[in-house]
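What follows is each chain in one-letter form.
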Amino acid sequence: MSVRLAKEVLVLSDPNSPEPIKLSYEILRRAVLTLRAVNHKLRKEILELIEKNGRITVTEIYVKLRLEQSVTSQHLAILRKANVVVTERDGKFVYYKINKAKIAELAGLAAELAKS
Amino acid sequence: MVHTASFNNSIGFDEDLKIASSILRALAHPLRFKILNFINENDSVNVYSIYSVLNLDQSITSQQLRILREAGVVYTKRKGKEIFYSLQISQLKKIAEILSYFEKT
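Residues numbered from 1 in each chain as written. Chains lettered and ligands numbered in written order. Predicted model: local features only at pLDDT ≥ 70, side-chain atom pairs only at ≥ 80, totals over all residues.

J.: So what about the sheet that holds strand β2 (residues 74–79) of chain B? Which residues, and what values?
T.: Strands pair in a sheet through their backbones, by hydrogen bonds, and they do so in one of two ways: parallel or antiparallel. All names here are of chain B. Within the open sheet, the 3 strands sit side by side as β1-β3-β2. Their pairing is antiparallel. The outermost strands of the open sheet, each flanked by one partner alone, are β1 (45–46) and β2. Across 6 bridges, the pairing between β2 and strand β3 (residues 82–87) is antiparallel. Within β3, the position partnered with R78 by the bridge is I83. Across the sheet, helix α3 (residues 30–42) lies against β1, β2 and β3, angled at about 95° from β3, the strand it touches most. (Pairing = 2+ DSSP bridges. Helix = DSSP H or I, 4+ residues; strand = E, 2+ residues; numbered from the N terminus. Contact = placed C-beta atoms within 7 Å. Axes fitted to C-alpha atoms, helices over the stretch in contact; angles between N-to-C directions.)

The structure is reproduced here in structure tokens:
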């Protein structure tokens, strides 16, 4: 099956340039997952809460949003993996903070893609 | 709407994010990758040649082409009764540039 081949890198000729356009399946998946991390109702609420508080613990998040701890942790893991939140240890506590630079970068990329 | 105001407006990219996600999702698909590759090799192709050469169902092909068209990565031209598909190079180039940001992380 050539499906595997098709999955790797799509090389498209660009009539205006000697350089072809290359689209990597793997990078596309990564971009999709990163955007999906943020493009989610509950995770937006979590981000909103973190942003409002500057920094916040997991416990505060699940208490304030009335969520299960496990559910909260799952969503935080997705946000952390997308690098839109970062953690900071302070004594016994782990605080979540917004990675403002990453959010700004994503916003810029999304705006660029959205305008046509 | 009011509810999502604080986070989304302060960062302000909710709608963009939805559009950007759907464009990237349209591309990140093995079959659509194959179709784009086929269009690239042939410059301009009709639906019939896509589904016959790639050995696909006509309905599936049409569905995939609609997704690609909505993502702005292909465009159509009518010649008589036939509709031909071509790559929208400017959009694909823009996507490739945007993807380079995701390469690093």
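J.: Any chance you could break down unusual backbone geometry for me, citing the residues and the numbers?
T.: Even without a glycine there, the phi angle at N83 of chain A is positive, about 65°. Positionally, N83 of chain A belongs in the loop between α5 (69–81) and β4 (85–90). Classification of N83 of chain A as partly exposed rests on a count of 16 C-beta atoms within 10 Å. We note that N55 of chain B has phi near 60°; this positive angle belongs to a residue other than glycine. Of note, N55 of chain B is situated in the loop between α4 (47–53) and α5 (58–70). Its 6 C-beta neighbours within 10 Å are what place N55 of chain B among the exposed residues. (Buried ≥ 20, exposed ≤ 12 C-beta atoms within 10 Å, placed from the backbone.)

J.: Account for the interface of chain A and chain B, with residues named and values stated.
T.: Listed by partner, the interface residues are 40 residues for chain A and 40 residues for chain B. Breaking the side of chain A that touches chain B down by element, the ones donating at least two residues are α1 (3–7), β1 (9–12), β2 (21–24), α2 (25–38), α3 (41–53) and α6 (100–114) of chain A. The element best represented in the side of chain A that touches chain B is α2 of chain A, accounting for 11 residues. Of the residues contributing to the side of chain A that touches chain B, the split by class is 22 nonpolar, 6 polar and 12 charged. (Nonpolar A, V, L, I, M, F, W, Y, C, P; charged D, E, K, R; others polar.)

J.: Run through the pairing of β4 of chain A, naming residues and quoting values.
T.: Residues and elements named next belong to chain A. In this structure, β4 lies alongside strand β5 (residues 93–98), joined through 6 bridges in antiparallel fashion. Looking at β5, one finds that E88 is bridged to Y95. Counting the residues between successive antiparallel strands, the hairpin from β4 to β5 contains 2 residues, one of them, G91, with a positive phi of roughly 60°.

J.: Talk me through the sheet that holds β4 of chain A; I want residue IDs and the actual numbers.
T.: All names here are of chain A. The 3 strands lie next to each other as β3-β5-β4, forming an open sheet whose pairing is antiparallel. Two strands close off the open sheet at either side, each with one partner strand: β3 (55–57) and β4. Each neighbouring strand pair of the sheet contributes to a mean axis angle of 35°, computed without reference to strand direction. Each of β3, β4 and β5 touches α3; the most contacted strand, β5, lies at about 100° to it.

J.: Describe the nonpolar core, listing the residues and the values that go with them.
T.: Within the largest apolar cluster, 49 residues are counted, with the highest numbers of intra-cluster contacts made by L24, L27 and V73 of chain B. No other element matches the 7 residues that α2 of chain A contributes to this core. Not counting chain neighbours up to four residues away, the residues in contact with L27 of chain B comprise L23 and L28 of chain A together with R32, A71, V73 and I95 of chain B. (Core = buried A, V, L, I, M, F, W, Y, C linked by C-beta atoms within 7 Å.)

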